[in-house]
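Fold and contact review
Chain by chain, the residues:
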Amino acid sequence: LRMRLFCLIMANTGIRPGELLQIRWRDWKKDFMPYSAKNKTLVPFVYLHVRTGTAKTRKEREVFFRNPEPAWRWREHFLELKRKLEPYEIKDTDFVFNGYFNRDKPAQMSTMFKRLLEDLGMREQRDERSRIRVLYSLRSFYITYQLTHNTGLPIHILALQCGTSTRMIE
């Protein structure tokens with residue numbers, strides 16, 4: 001369940017694996033904004049707040065989910081199961097993906113991802129380059145998907161979302 005949620009977040013936000021491991025429960029937020037300037041309809045949005053110390057670029061930013069409602073349901077479902085299974089009270093300052101034996105440290109998700117792909121026979125990509133899939137591949141998937149399927153999205157907005165430059169995306 002942890003790996004599934006981890007992969008869903010990465011594939012739907014473009015966040016770096018190291019940044020996601022540093023996310024705490026207080027950093028996963030839901031808010032509302034008006035649909036337009038004169039419209040009273042409020043539209044929900046869900047985001048992760050990446051703090052300065054955890055971001056690769058050392059700049060705080062908000063990482064938004066493409067689909068806010070499912071993202072919030074994922075959060076609530078995972079938190080509910082964690083509360084049932086964990087022997088301690090979950091606090092806002094706890095890591096979302098904390099270690100099994102030490103809740104004050106983030107989990108080691110890359111090893112679990114590697115083993116999962118090996119078990120499924122999907123570790124190597126079957127193309128002319130024969131690349132190895134890693135957690136970071138999900139970030140590349142998000143960026144590629146946004147460029148190919150969301151043609152109205154300006155590249156500088158995508159760069160802000162992913163905490164990188166337009167030059168790197170190009």
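Residues numbered from 1 in each chain as written. Predicted model: local features only at pLDDT ≥ 70, side-chain atom pairs only at ≥ 80, totals over all residues. Heavy atoms only, no water.

Counting its regular elements, the chain contains 7 helices and 3 strands. Element order for the chain, N to C, with α for helix and β for strand: α-α-β-β-β-α-α-α-α-α. Counting only residues that meet the buried cut, the chain has 38% of its 170 residues in that class. Partitioning the contacts of the chain with sequence separation of at least 6, the portion at a separation of at least 24 is 51%. Summing over all exposed atoms, the chain offers an accessible surface of approximately 10700 Å²; the carbon and sulfur share of this is 54%. (Helix = DSSP H or I, 4+ residues; strand = E, 2+ residues; numbered from the N terminus. Buried < 20%, exposed > 50% of the residue type's maximum accessible area, 1.4 Å probe, protein only. Contact = heavy atoms within 4.5 Å. Areas by Shrake-Rupley, 256 points an atom, 1.4 Å probe, with all protein chains shown as cover.)

All right, on to the nonpolar core then. Counting residues in each nonpolar core, the largest one holds 30 residues, and the members touching the most others are Ile9, Ile15, Leu20, Trp28, Leu48 and Phe97. For this core, the secondary structure elements donating two or more residues are α1 (2-13), α2 (17-21), β2 (42-50), α3 (68-85) and α4 (109-120). Of the residues forming this core, the biggest block, 6 residues, is contributed by α1. Leave out the neighbours within four places in its chain, and Phe97 touches Arg2, Leu5, Phe6, Ile9, Leu20, Leu21, Lys105, Pro106, Ala107 and Met109. The next biggest cluster of nonpolar side chains, apart from the first, holds 6 residues, and it includes Tyr142, Ile143, Leu158 and Ala159. (Core = buried A, V, L, I, M, F, W, Y, C linked by side-chain atoms within 4.5 Å.)

Scanning the model with the defined rule gives 9 salt bridges in all. In this structure, the salt-bridge partner of Arg16 is Glu19, at a minimum N-O distance of 2.9 Å. What makes Arg16 buried here is its relative accessible area of 7%. Its salt-bridge partner being Lys84, residue Glu80 comes within 3.7 Å of it at the nearest N-O pair. Note that Glu80 and Lys84 are positioned in helix α3 at a spacing of 4 residues, about one turn of the helix. Exposure remark for Glu80: the relative accessible area of 43% places this residue in the partly exposed category. For Lys84, a relative accessible area of 60% gives the class exposed. (Salt bridge = Lys/Arg side-chain N within 4 Å of Asp/Glu carboxyl O.)

Right, let's talk about the environment of Ala159 for a bit. Considering the arrangement of structural elements, one finds Ala159 in helix α6 (residues 155-162). Residues Ala159 and Gly14 lie 145 residues apart in sequence; the distance between their C-alpha atoms is 9.8 Å. Apart from the residues within four sequence positions on either side, Ala159 is in contact with Thr164, Ser165, Thr166 and Ile169.

Below, the discussion takes up the pairing of β2. In terms of residue burial, β2 counts as a mostly covered element, since 7 of its 9 residues are buried. As paired strands, β2 and strand β3 (residues 61-64) are joined by 4 bridges and run antiparallel to one another. Bridge pairing in β3 places Tyr47 opposite Phe64. (Pairing = 2+ DSSP bridges.)

What follows concerns the packing of aromatic side chains. Scanning the model with the defined rule gives 10 aromatic pairs in all. Seen in terms of ring centroids, Trp28 and Phe65 are 5.8 Å apart; in terms of plane orientation they differ by 10 degrees. Their pairing is stacked. With Trp28 in strand β1 (residues 28-34) and Phe65 in the loop between β3 and α3, the pair connects residues that are 37 residues apart, well separated along the chain. The two residues Trp28 and Phe65 agree in class, both being buried. Plain terms: the ring middles of Phe45 and Phe64 are 5.7 Å apart, the flat faces sit at 45 degrees to each other, and that makes the pair tilted. Taken as a pair, Phe45 in strand β2 and Phe64 in strand β3 lie far apart in primary sequence, 19 residues in all. Owing to a relative accessible area of 18%, Phe45 belongs among the buried residues under this scheme. Judged by relative accessible area, Phe64 falls into the partly exposed class, the value being 35%. Taken together through their ring pairs, the aromatic side chains of Phe6, Trp25, Trp28, Phe65, Trp74, Phe78 and Phe97 make up a single cluster. (Phe/Tyr/Trp six-rings, centres within 6.5 Å; stacked < 30°, edge-to-face > 60°.)

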